[in-house]
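What follows is the residue order along each chain.
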Amino acid sequence: MDKETFAIAFSEREQAEAIKEISLKIKLVFPKKIDYLIVLFTPDYNPKNLLRTISLTLRPEKILGLQSPFLIFEGEVISKGVAACCINKDGMKLHETFSKATSPQEIESFLISSFKKLKRKDFSFFSFISPQVNPTTYIRGVKIDRKSTSELQ
């Protein structure tokens, strides 16, 4: 039997009830230990209350929480809810980097230096941008040309 590496749960209930429901769903897959937890929630939820309940029920080693006006879950746009993704993959490590870069050139330079620090070819890139960042500028910065990519190897 393959070992599960992640679990996803969603709830539209109110505050503490939502996290309790999510916790039960995740605990079915990972009853003992939670390594990494990503929590996405709409403005209807108080982040402090969510964090307190998560700390009591799941006790993850690391947590990333993000508020968004809407969530997309199973193909539906949802205006109120909490979604959580638990990742328990052996050997997985998270590296966080933050940038205030605004031009495509600054973004590209920041990403190249961040990727060099990883010193491995086997990685996944997960990115979030704040509402103050122009998505078009960010996408231009992420499109690293072949010459820049060869610098990473």
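As the structure is a computational prediction, the values presented were derived from the model and not from experiment.

Each value, and the rule that gives it
- Residues numbered from 1 in each chain as written.
- Predicted model: local features only at pLDDT ≥ 70, side-chain atom pairs only at ≥ 80, totals over all residues.
- Heavy atoms only, no water.
- Axes fitted to C-alpha atoms, helices over the stretch in contact; angles between N-to-C directions.
- Helix = DSSP H or I, 4+ residues; strand = E, 2+ residues; numbered from the N terminus.
- Parallel < 35°, antiparallel > 145°, perpendicular 65-115°, else oblique.
- Left-handed = near helix turned anticlockwise from the far one by under 90°.
- Contact = heavy atoms within 4.5 Å.
- Nonpolar A, V, L, I, M, F, W, Y, C, P; charged D, E, K, R; others polar.
- Buried < 20%, exposed > 50% of the residue type's maximum accessible area, 1.4 Å probe, protein only.
- Patch = residues over 30% accessible without salt bridge, like charges linked within 9 Å, V, L, I, M, F, W, Y side chains within 5 Å.
- Areas by Shrake-Rupley, 256 points an atom, 1.4 Å probe, with all protein chains shown as cover.
- Salt bridge = Lys/Arg side-chain N within 4 Å of Asp/Glu carboxyl O.
- Expected span 1.5 Å × (residues − 1).
- Arc of directions from axis to C-beta.
- Pairing = 2+ DSSP bridges.
- Right-handed = clockwise from strand over helix to strand, strands pointing away.

Attention now goes to the packing of helix α3 (residues 104-118) against helix α4 (residues 135-142). Between two packed helices, the angle of one axis relative to the other and the distance separating the axes together describe the packing. Running from N to C, α3 and α4 cross one another at 45°; their axes reach a closest spacing of 7 Å. Between α3 and α4, the interaxial angle falls into the category oblique. Between α3 and α4 lies a crossing whose hand is right-handed. The residues of α4 that touch α3, namely those facing P104, I107, E108 and L111, are T137, Y138, R140, G141 and V142. Of the residues belonging to the contact of α3 with α4, the class tally is five nonpolar, two polar and two charged.

This part takes up unusual backbone geometry. Even without being glycine, R59 reaches a positive phi, approximately 50°. Checked against the element boundaries, R59 lands in the loop between α2 (47-57) and β3 (62-67). Given a relative accessible area of 57%, R59 falls into the exposed group. Phi at E74 takes a positive value of approximately 50°, unusual for a residue other than glycine. Tracing the sequence through the fold places E74 in the loop between β4 (71-73) and β5 (76-78). Taking relative accessible area as the criterion, E74 reaches 70% and is therefore assigned exposed.

Glancing now at a nonpolar patch on the surface. A contiguous nonpolar patch, built from L40, L64, F126 and F128 and spanning about 360 Å² of accessible area, is present on the exposed surface. Structurally, the position occupied by L40 is in strand β2 (residues 36-41).

A rise of 1.5 Å per residue sets the reference length of α3, with its 15 residues, at 21 Å; its end C-alpha atoms lie 21 Å apart and thus fit the reference within 8%. Taken as a whole, α3 has its buried residues at P104, I107, E108, L111, I112, S114 and F115. Projection of α3 onto a plane perpendicular to its axis shows the buried side chains occupying an angular sector of 165°, all on one side. The exposed residues of α3 that point more than 90 degrees off its buried face are Q105 and K117.

The buried count for β2 comes to five of six residues, which makes it a mostly enclosed element. Where β2 and β3 come together, six bridges link them in parallel fashion. Bridged to V39 within β3 is G65. Handedness of the crossover joining β2 and β3 through α2 is recorded here as right-handed.

Attention now goes to the pattern of salt bridges. Opposite charge on two side chains makes pairing possible when the charged atoms of those side chains draw close. Using the criterion set out here, one finds five salt bridges in the structure. Among the ionic pairs, D35 bridges to K33, the shortest N-O distance being 2.8 Å. Owing to a relative accessible area of 12%, D35 belongs among the buried residues under this scheme. The partly exposed category is assigned to K33, whose relative accessible area is 47%. Among the ionic pairs, K33 bridges to E61, the shortest N-O distance being 4.0 Å. In this pair, K33 is assigned in the loop between α1 (15-29) and β2 and E61 in the loop between α2 and β3, connecting sequence segments 28 residues apart. By relative accessible area, which is 60% here, E61 ends up exposed. One connected set of salt bridges, linked through shared partners, spans R13, E21 and K25.

Geometry only, nothing functional implied.
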